[in-house]
Amino acid sequence: VSRISLMSIPLIMRLSPCHGGCAEVDSLTEAVVGQSFLLGCISCKRRAEVSARTTVDWHFKPLEEEEFRHIFHYAHPRAKILHEDFSDRLEWHGTKTRDIQIGAIYIHNVIFNDTGTYRCTINRTLFLPQYEEHVTVEKEVELNVVAVGNLTVVIAEIMMYVLIVVLQLWLVLVLVYCYKKISEQREARDARKALRDQAE
């Protein structure tokens, strides 16, 4: 019976993963040249109570090329940039523990040559009571680099600034109106007081 139970443990874990509040969200796919961009990569742990060790590797395949280049490796607590094209431009922005769920990296000072396919590979070793289990998760991001941001985003930003200016002008007009009303009331009160003093 114990042998059957031990053999069934991996099957149970494969059928009933428990993500414990972790949400695997896809990365954005459009970057603006000259700015920073976050390449997202999330792989939720299946069992929070099981200790694990994880490494993360990023590979990049430029447009019209067939081979991936190994550009980044992270094994807590060290991060390594492995390709000269990304020298001083990659920054680890993921989980800073031995068991990694978030394997995201920042690309700083984005250039047009950064357009292409990025592959995130998460290698996790689960330390189970009777054995170790190795899990590999791969995610790909198709990144497009543009000169300016999405037209909708640009319009939204312009409208936001216009709204701020309009609200500030409205506030100034309200303050001027209130000041004039207070001044008129003060003048009327002074005039009535003068008339009353004259009558007396």
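Residues numbered from 1 in each chain as written. Predicted model: local features only at pLDDT ≥ 70, side-chain atom pairs only at ≥ 80, totals over all residues. Heavy atoms only, no water.

Attention shifts here to the overall build of the chain. Counting its regular elements, the chain contains two helices and nine strands. Reading the helices (α) and strands (β) of the chain from amino to carboxyl end gives α-β-β-β-β-β-β-β-β-β-α. In the chain, which comprises 200 residues, the proportion classed as buried is 27%. Long-range contacts, defined here as pairs at least 24 residues apart, represent 58% of the contacts in the chain between residues at least 6 apart. Only carbon and sulfur atoms are counted for the fraction: they give 58% of the accessible area of the chain, which is about 14000 Å². (Helix = DSSP H or I, 4+ residues; strand = E, 2+ residues; numbered from the N terminus. Buried < 20%, exposed > 50% of the residue type's maximum accessible area, 1.4 Å probe, protein only. Contact = heavy atoms within 4.5 Å. Areas by Shrake-Rupley, 256 points an atom, 1.4 Å probe, with all protein chains shown as cover.)

Here the bond from His 76 into Pro 77 is cis, since omega is 5°, no more than 30 degrees from zero. With respect to the helices and strands, Pro 77 occurs in the loop between strand S4 (69–75) and strand S5 (78–81). Even without being a glycine, Glu 64 presents a positive backbone phi close to 65°. As for its position among the elements, Glu 64 is in the loop between strand S3 (52–62) and S4.

This part is about the sheet that holds strand S2 (residues 37–39). Across a sheet, strands are paired by hydrogen bonds formed along the backbone, either parallel or antiparallel in direction. Read from one edge of the open sheet, three strands run S2-S7-S6, paired in antiparallel fashion. Since the sheet does not close on itself, it has two edges, and those belong to S2 and strand S6 (90–92), each with one partner. Across the sheet, the mean angle separating the axes of adjacent strands is 30° when strand polarity is ignored. (Pairing = 2+ DSSP bridges. Axes fitted to C-alpha atoms, helices over the stretch in contact; angles between N-to-C directions.)

Moving on, we get to the pattern of salt bridges. Counting across every chain of the model gives six salt bridges. Salt-bridge contacts for Arg 69 lead to Asp 85; the nearest nitrogen and oxygen are separated by 3.1 Å. Taken as a pair, Arg 69 in strand S4 and Asp 85 in the loop between S5 and S6 lie far apart in primary sequence, 16 residues in all. In this structure Arg 69 comes out as partly exposed when scored by relative accessible area, which is 23%. Two residues, Asp 114 and Arg 89, come together in a salt bridge whose shortest N-O distance is 2.9 Å. (Salt bridge = Lys/Arg side-chain N within 4 Å of Asp/Glu carboxyl O.)

Strand order in the open sheet formed by six strands is S1-S9-S8-S3-S4-S5, with mixed pairing between adjacent strands. Only two strands of the sheet have a single partner each, and these edge strands are strand S1 (30–32) and S5. Neighbour-to-neighbour, the strand axes of this sheet turn through a mean angle of 25°, independent of strand direction. Where S4 meets S5, four bridges bridge the pair, whose relative direction is antiparallel. In the sheet register, Phe 72 faces S5, and the bridge partner there is Ile 81.

Quick look at the side chain of His 83 now. Following the sequence through the fold, His 83 ends up in the loop between S5 and S6. A distance of 3.1 Å separates a polar side-chain atom of His 83 from the backbone nitrogen of Asp 85. (Polar contact = N/O pair within 3.5 Å; in protein donor to acceptor, adjacent residues only side chain to side chain.)

Per the UniProt annotation, the sites labelled "transmembrane region" (unreviewed entry) are residues 158–179. End-to-end, the C-alpha atoms of residues 158–179 are 32 Å apart, and along that stretch the chain is 100% helix and 0% strand. (UniProt positions renumbered as here; feature names shortened; annotations may be inferred.)

The next point concerns the state of the cysteines. Under the definition given, this model contains one disulfide. Covalently, Cys 41 is tied to Cys 120 through a disulfide, its sulfur atoms 2.0 Å apart. The sign of the -75° torsion about the S-S bond sets the Cys 41-Cys 120 disulfide as left-handed. With Cys 41 in the loop between S2 and S3 and Cys 120 in strand S8 (residues 116–127), the pair connects residues that are 79 residues apart, well separated along the chain. (Disulfide = S-S within 2.5 Å.)

For the rest of this paragraph, the subject is the nonpolar core. Among the nonpolar cores identified, the biggest contains 23 residues, and Leu 39, Trp 58, Ile 71, Phe 72 and Tyr 118 are the most heavily contacted of them. Put simply, the parts of the chain that give this core at least two residues each are S2, S3, S4, S6, strand S7 (105–107), S8 and strand S9 (132–146). Excluding residues within four positions of it along the chain, Leu 39 makes contact with Ser 27, Trp 58, Ala 104, Ile 105, Ile 107, Tyr 118 and Val 141. (Core = buried A, V, L, I, M, F, W, Y, C linked by side-chain atoms within 4.5 Å.)

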